[in-house]
Structures are given as C-alpha cells and as structure tokens.
Amino acid sequence: MDPIAGINPAKDSTLAMLRAAAARGHRLHYFELDDLRLRDGVARGTARALQVFNDPQRFHELGASTDMALGDLDVILMRKDPPFDTEFVYSTYILERAALAGALVVNRPASLRDINEKCFTAWFPQCCPPTLVTRSIAGIRAFLREHGRIVVKPLHGMGGRSIFVIADGDPNANVVCETLTDYGTRYAMAQRYIPEIRDGDKRIILVDGEPVSHALARVPAADDNRGNLVAGATPEVRPLTERDRWICAQVGPVLRERGVLFAGLDVIGDYLTEVNVTSPTGIQELRKLAGLDVATSLVTVLERERQAQARPA
C-alpha cells in the first residue's frame, strides 16, 4: 500500500480491510513498493508487523522489520494507488512470482496490468456511453462536434485529476486536447457528457463479482463536474437500480474469471464509465451511511479462496 502514516483513517478503504482482517484473528504484515524485490526468481520483501486500531489519533503501529519470501504469506492485498505507471507494472511482476509460490494475491497481478480502469470499459460497450480512446486531437474535436459536450480524461489517473468537460465551441477545447494527449503523443479518453452527473457518480462495489446492495453516489459540488470525494463531492448511499444490477451482471462474472475479487464500478445515470480494480475505495462511507460491512465480506471471501487454493486437487 501507500505509506500508511499518510492515509485518512476516516476514509481509507485499505485500513477498513486491515481492521476487518485483524478482527478475525489474522496477522498483518505491511509493505510499500520499496520493500519488494526479486532475488534469483524468488519474490521477497521487507515486512513490518502491523497492528491497527479504531482510534483516529493512533490508528496503526508498526513493529520490527522481517525479511520474508512473499510466497509464504497466505494472502497479499495489492492496494497501491494509481498512477498506473511502469513502477506499478514492475511490482506486479514481483507479486506474480509470489502468487506462483503459493500466496493468494488480490487482485490478480496479471489483471492489475491488463485491466486499465478507463480502457476496460471497451469490453462492455453495451453498458457505456459513446466513448473514444485516441491520441488524435482532430479525432477528439470531431467527437466533440458529434456529441456537443464531452468529458475528456487521461488513462492513468485517479481521484478526478485532469478531468475536463468541454462543449462544442469552447475556446479552451484545443488546449485541453493538446494537454491531455501531450500534443498527440499520449492516448486519452473522451466520453459523451452524461447530464445525470449532477445526481452523482455512483460507485458500485463488487466483491467476488457480486455487487453490494447499495451504491455510494458521489454528488459533485455546485461549482464542479467531478463526482470524486477527494474533489469535494458529497457522499450519498442509494439502493442499486435495475439498470445498475444489469451492468453488474455484465461485468461481474468477467472480473471474477480474471481473479478480481474486489472492484468498483463507476456508473453515471444508466452508463458504466470506469472499472476500478487497482485500489477502489468507498467502503468506509458505505458502513457509516448504511451499516454495510463490505470489509468483512471481502475478508470472508479471501478466507474461502485461500482455503480452496490450499486444498489438494
């Protein structure tokens, strides 16, 4: 995970998972990317024993360092936040070696590499608004003329960073397209603007491919278009709609088959806009606002998967 001392204990989903695991008697070990390495094909790490508490002023305590083979662990949760960059990819190679040595790595390292959170919507076009992924500035401008108003965003970010809404005729359209594509040298995504964003960007959590009963709707501030809590959106909990469940039925089995046991779908109105598999968040808000203990549900699934993995064929 990212440095634990820097997280917000009131909102961090990884901390909720750690607390749930500790409550069920599991021992916790903490790693950052700097702690992982490969030696002669063996994935190893410098672990710190970790204790977690419900005190916001003292929510964790790290113990002594221990060198260990990562394959000796029962379960490894990969919860490093984006950006999804080359260093992230390298870490998944190390974790893949750990998985081959016996650890259950969640989510599956190959899927963390393969499932780009923006691009993977292309596997479910029936669920999505009109969407374009391109490096072409002219292509984005043509898409803008076709739809009148669009959302443009990078493929590697998180938390609403560098997301723009532009309308046809906007004098800033060219500079937005130039910036996001780095003058036609980087891919970016454009989607038709969905007016229902004013009602909130719904985060639907999937555990083992099945949706949690309620979505966390993140309602943008009046002066913002971004439905992200870190960008100032207001959280609201809402039951899933029939359309939400249909989208989950399209996406969930595919994620489960690919070893993605914890994911977050972003749905605006009736449309899937992102498939988050890297470090989805929102479970602390679901517990506070609706009493849903998603973290314990996840730990229960991890226990079951680990037991099944360890069972002789």
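Shown above is the structure to which this text applies.
The structure presented is a predicted model; accordingly, all values stated were derived computationally and were not measured. (Residues numbered from 1 in each chain as written. Predicted model: local features only at pLDDT ≥ 70, side-chain atom pairs only at ≥ 80, totals over all residues. Heavy atoms only, no water.)

Student: Quick rundown of the state of the cysteines? Include the residues and the values.
Tutor: Within the structure shown, the criterion is met by zero disulfides. Free cysteine Cys 128: the closest other cysteine sulfur is in Cys 127, separated by 5.9 Å. (Disulfide = S-S within 2.5 Å.)

Student: With reference to specific residues and values, describe the pairing of strand S15 (residues 262-268).
Tutor: A large share of S15 lies buried, amounting to seven of its seven residues. Because side chains alternate across S15, one face comprises the buried residues Phe 262, Gly 264, Asp 266 and Ile 268, and the other comprises Ala 263, Leu 265 and Val 267, equally buried. Pairing of strand S11 (residues 201-207) with S15 involves seven bridges; the strand directions are antiparallel. Its bridge partner being in S15, Lys 202 is matched across the sheet by Val 267. Pairing of S15 with strand S16 (residues 271-276), which is carried by five bridges, proceeds in the antiparallel orientation. Counted as the bridge partner of Gly 264 is Asn 276 from S16. What sits between S15 and S16 in their antiparallel hairpin is a turn of two residues, with Gly 269 showing a positive phi close to 60 degrees. (Buried < 20%, exposed > 50% of the residue type's maximum accessible area, 1.4 Å probe, protein only. Helix = DSSP H or I, 4+ residues; strand = E, 2+ residues; numbered from the N terminus. Pairing = 2+ DSSP bridges.)

Student: So, the environment of Leu 206: which residues are in play, and what are the values?
Tutor: Take Leu 206: it is sitting in strand S11. The spatial distance from the C-alpha of Leu 206 to the C-alpha of Val 277 is 9.9 Å, given a sequence separation of 71 residues. Once you skip the residues sitting within four places of it in the chain, Leu 206 turns out to touch Pro 211, Cys 248, Gly 252, Leu 255, Leu 261, Phe 262, Ala 263 and Leu 265. (Contact = heavy atoms within 4.5 Å.)

Student: So, the nonpolar core: which residues are in play, and what are the values?
Tutor: Counting residues in hydrophobic clusters, the biggest one holds 36 residues, and the most contacted among them are Leu 70, Leu 255, Leu 265 and Leu 272. At the level of secondary structure, the elements contributing two or more residues to this core comprise strand S3 (42-55), helix H2 (86-100), S11, helix H6 (242-257), S15 and S16. In contact with Leu 255, other than residues within four places in its own chain, are Ile 115, Phe 120, Leu 206, Val 260, Ala 263, Leu 265, Val 275 and Val 277. By size, the runner-up hydrophobic cluster in this structure holds 31 residues, among which are Ala 21, Leu 28, Val 212 and Val 301. (Core = buried A, V, L, I, M, F, W, Y, C linked by side-chain atoms within 4.5 Å.)

Student: Please give an account of the packing of helix H1 (residues 13-23) against helix H8 (residues 294-310) that cites residues and values.
Tutor: In helix packing, the relevant descriptors are the interaxial angle and the interaxial distance, both defined with respect to the helix axes. Where H1 contacts H8, the axes come no closer than 8 Å and their chain directions differ by 60 degrees. On the basis of the axis angle, H1 is oblique to H8. Remark: the crossing between H1 and H8 carries right-handed chirality. Every residue of H8 that contacts H1 at Ala 16, Met 17, Ala 20 and Ala 21 is listed here: Ala 295, Thr 296, Leu 298 and Val 299. Here the contact of H1 with H8 is composed, by residue class, of seven nonpolar, one polar and no charged. (Axes fitted to C-alpha atoms, helices over the stretch in contact; angles between N-to-C directions. Parallel < 35°, antiparallel > 145°, perpendicular 65-115°, else oblique. Left-handed = near helix turned anticlockwise from the far one by under 90°. Nonpolar A, V, L, I, M, F, W, Y, C, P; charged D, E, K, R; others polar.)

Student: Outline the packing of aromatic side chains, supporting the account with residue identities and numerical values.
Tutor: Within this structure, the stated rule accounts for four aromatic pairs. On the numbers, 6.5 Å between centres and 35 degrees between planes, the contact of Tyr 90 with Tyr 93 is tilted. Placement of both Tyr 90 and Tyr 93 in helix H2 is noted, with a separation of three residues, approximately one turn of the helix. Ring centres of Phe 120 and Phe 124 lie 5.5 Å apart, and the angle between their planes is 75 degrees; this geometry places the pair in the edge-to-face category. Judged on exposure class, the residue Phe 120 and its partner Phe 124 are both buried. One residue, Arg 135, lies across the ring of Tyr 187, its end atom 5.6 Å from the ring centre. (Phe/Tyr/Trp six-rings, centres within 6.5 Å; stacked < 30°, edge-to-face > 60°. Lys NZ or Arg CZ within 6 Å of the ring centre and 35° of its normal.)

Student: So what's going on with the sheet that holds strand S7 (residues 131-134)? Which residues, and what values?
Tutor: Note on sheets: strands pair through backbone hydrogen bonds, and any given pair is parallel or antiparallel. Spatial strand order, S7-S10-S8-S9: four strands in an open sheet with antiparallel pairing. Every interior strand has two partners, whereas the edge strands, S7 and strand S9 (164-167), have only one. Across the sheet, the axes of successive neighbouring strands diverge by a mean angle of 25 degrees, strand direction being ignored. The pairing of strand S8 (residues 149-154) with strand S10 (residues 188-192) spans five bridges and is antiparallel. Its bridge partner being in S10, Val 151 is matched across the sheet by Gln 191. Relative to the sheet, helix H5 (residues 173-181) contacts S7, S8, S9 and S10, its axis offset from that of S9 by approximately 145 degrees.

Student: Break down unusual backbone geometry for me, with residues and values.
Tutor: A cis amide bond links Pro 82 to the next residue, Pro 83, at an omega of 25 degrees. For the bond from Val 106 to Asn 107, the omega torsion is 0 degrees, close enough to zero to count as cis. Assignment of secondary structure puts Asn 107 in the loop between strand S6 (104-106) and helix H3 (109-114). With phi around 55 degrees, Asp 40 is a residue other than glycine that occupies positive phi space. For Asp 40, the location among the structural elements is in the loop between strand S2 (36-39) and S3. At Asp 208, a position not held by glycine, the phi torsion is positive, near 55 degrees.

Function cannot be read off these values alone, since they describe shape.
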